[in-house]
Amino acid sequence: GELQVERLDIRGNRILTEKDVIALAKVPVGASLYEVDLLEVRSRLRTNPYVAEAVVAHDLPATIKVTIKERSPIAILGGPELFYVNPEGYVLPPVTSKEIFDLPIITGLSEPQPIKAGMRIVSGNFRAAVDILTQAADLDRMDSSDKELSHLISEINIGSVDLTVYTVEHGIPILFRKENVGTQLLYLHKFWDQYMRQQGAEQVRFIDLRFEEQVV
């Protein structure tokens, strides 16, 4: 007899639920296995901004195997509507997910057109904000003594020439240049460790990392 689709085997989804992926794939159970257009299924999956890549294959006798690679949010976009954004700048819609996003917010975005899910943000200031977040996480991974740096950041404002990071505790503004973010983070890490832990934040009105070799 003719081979029929009895199930979808879905892998790689952490943010999207299995239900979400099945709804996107639109493969009717009971359809003839070889009449399902795998490329078509792949392009339907990729209409969802969370799906960066999808591989769809027959798995005989009765399964279609769907493997997706998701885009993961790195921050919330500050604006009238809730959107997330991933490190490549893809705007992601709010999603009901088992993954909990405890993310900093990026504000001061000036895009020529309204923000929509699926669009991509490529401004230099946005790139610098992503650098701050990814390099802070990298530094935390390398320094196992404390997971301070990336959990320090509650907001990054990219609305002017330089970037302003606000801390989770006390909302202290930290001024960054767009260039050499990694070096500035190292200074911040050192300063936070040596000064803030001992002295506390009460005395600090702002921290300026924009000048070489010194924290102001």
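Anything mentioned here points back to the structure above.
Residues numbered from 1 in each chain as written. Predicted model: local features only at pLDDT ≥ 70, side-chain atom pairs only at ≥ 80, totals over all residues. Heavy atoms only, no water.

(A) Here's a closer look at the overall build of the protein chain. Check the secondary structure of the protein chain and you find five helices and 11 strands. Its C-alpha radius of gyration of 22 Å places the protein chain more than 25% over the 17 Å reference for a compact globule of 216 residues. Along the three orthogonal principal directions, the C-alpha set of the protein chain runs to about 80 × 40 × 25 Å. Buried residues in the protein chain amount to 41% of all 216 residues. Intrachain contacts of the protein chain at a sequence separation of at least 6 include 55% that bridge at least 24 residues. Total accessible area on the protein chain stands at roughly 12,000 Å², and carbon and sulfur atoms take up 51% of it. (Helix = DSSP H or I, 4+ residues; strand = E, 2+ residues; numbered from the N terminus. Rg over C-alpha atoms; globule rule 2.2 N^0.38 Å. Buried < 20%, exposed > 50% of the residue type's maximum accessible area, 1.4 Å probe, protein only. Contact = heavy atoms within 4.5 Å. Areas by Shrake-Rupley, 256 points an atom, 1.4 Å probe, with all protein chains shown as cover.)

(B) The arrangement of the sheet that holds strand β9 (residues 163-167) in detail. An order of β6-β5-β4-β7-β8-β9-β10-β11 is seen for the eight strands of this open sheet, with the pairing classed as mixed. In this open sheet, the two strands that pair with only one neighbour each are β6 (91-92) and β11 (207-208). Examined bridge by bridge, strand β4 (residues 75-77) and strand β5 (residues 83-85) share three bridges and lie antiparallel to one another. Within β5, the position partnered with Ala 75 by the bridge is Val 85. Against the sheet, helix α5 (residues 181-199) makes contact with β9, β10 (173-176) and β11, and its axis sits at roughly 145° relative to β10, the strand it touches most. (Pairing = 2+ DSSP bridges. Axes fitted to C-alpha atoms, helices over the stretch in contact; angles between N-to-C directions.)

(C) Quick look at a nonpolar patch on the surface. Side chains of Leu 3, Tyr 34 and Leu 60 sit close together on the surface and give an oily, nonpolar patch of about 300 Å² of accessible area. Leu 3 gets classed as partly exposed once you look at its relative accessible area, which sits at 33%. (Patch = residues over 30% accessible without salt bridge, like charges linked within 9 Å, V, L, I, M, F, W, Y side chains within 5 Å. Salt bridge = Lys/Arg side-chain N within 4 Å of Asp/Glu carboxyl O.)

(D) Layout of α5. The terminal C-alpha atoms of α5 lie 25 Å apart, and with 19 residues this matches the ideal 27 Å at 1.5 Å per residue to within 8%. Trp 192 marks the point of greatest bend in α5, at about 35°. Tucked into the core, α5 has its buried residues touching α3 (124-142), α4 (149-152), β9, β10 and β11. A positive phi of about 80° marks Gly 200, the residue just after α5. (Expected span 1.5 Å × (residues − 1). Bend = angle between axes of the 7 residues up to and from the residue.)

(E) Structural context of the layout of surface pockets. Counted as a void, the largest pocket has a volume near 450 Å³. Lining the largest pocket we find 15 residues, and of these Asp 102, Leu 103, Pro 104, Ser 150 and His 151 sit closest to its centre. Every element with two or more residues in the lining of the largest pocket is listed here: α3, α4 and β8 (153-157). Among the elements that take part in the lining of the largest pocket, α3 stands out by supplying five residues, more than any other. Its residues assigned to classes, the lining of the largest pocket shows eight nonpolar, three polar and four charged. (1 Å grid on protein atoms, 1.4 Å probe; cavity = no way out; pocket = protein on both sides within 12 Å on 5 of 7 lines; lining within 4 Å. Points joined across faces, edges and corners; volume = space filled by probe spheres on them. Nonpolar A, V, L, I, M, F, W, Y, C, P; charged D, E, K, R; others polar.)

(F) Layout of the environment of Thr 167. Note on placement: Thr 167 falls in strand β9. Residues Thr 167 and Ile 153, 14 residues apart in the sequence, show an inter-C-alpha distance of 4.8 Å. The contacts of Thr 167, once residues within four sequence positions are left out, are Leu 152, Ser 154, Ile 172, Ile 174 and Trp 192. Here Glu 169 takes part through its backbone oxygen, which lies 2.6 Å from a polar atom of the side chain of Thr 167. (Polar contact = N/O pair within 3.5 Å; in protein donor to acceptor, adjacent residues only side chain to side chain.)

(G) Spotlight on unusual backbone geometry. Geometrically, the link from Leu 60 to Pro 61 is a cis peptide bond, its omega value of 10° lying close to zero. Within the fold, Pro 61 resides in the loop between β2 (51-59) and β3 (63-70). Even without being glycine, Lys 26 reaches a positive phi, approximately 50°. In this structure, Lys 26 sits in the loop between α1 (18-25) and α2 (38-45). Here Lys 26 falls in the exposed class, since its relative accessible area comes to 58%. The phi dihedral of Asn 180 falls on the positive side, at around 50°, and the residue is not glycine. Considering the arrangement of structural elements, one finds Asn 180 in the loop between β10 and α5. The class for Asn 180 is partly exposed, based on a relative accessible area of 47%.

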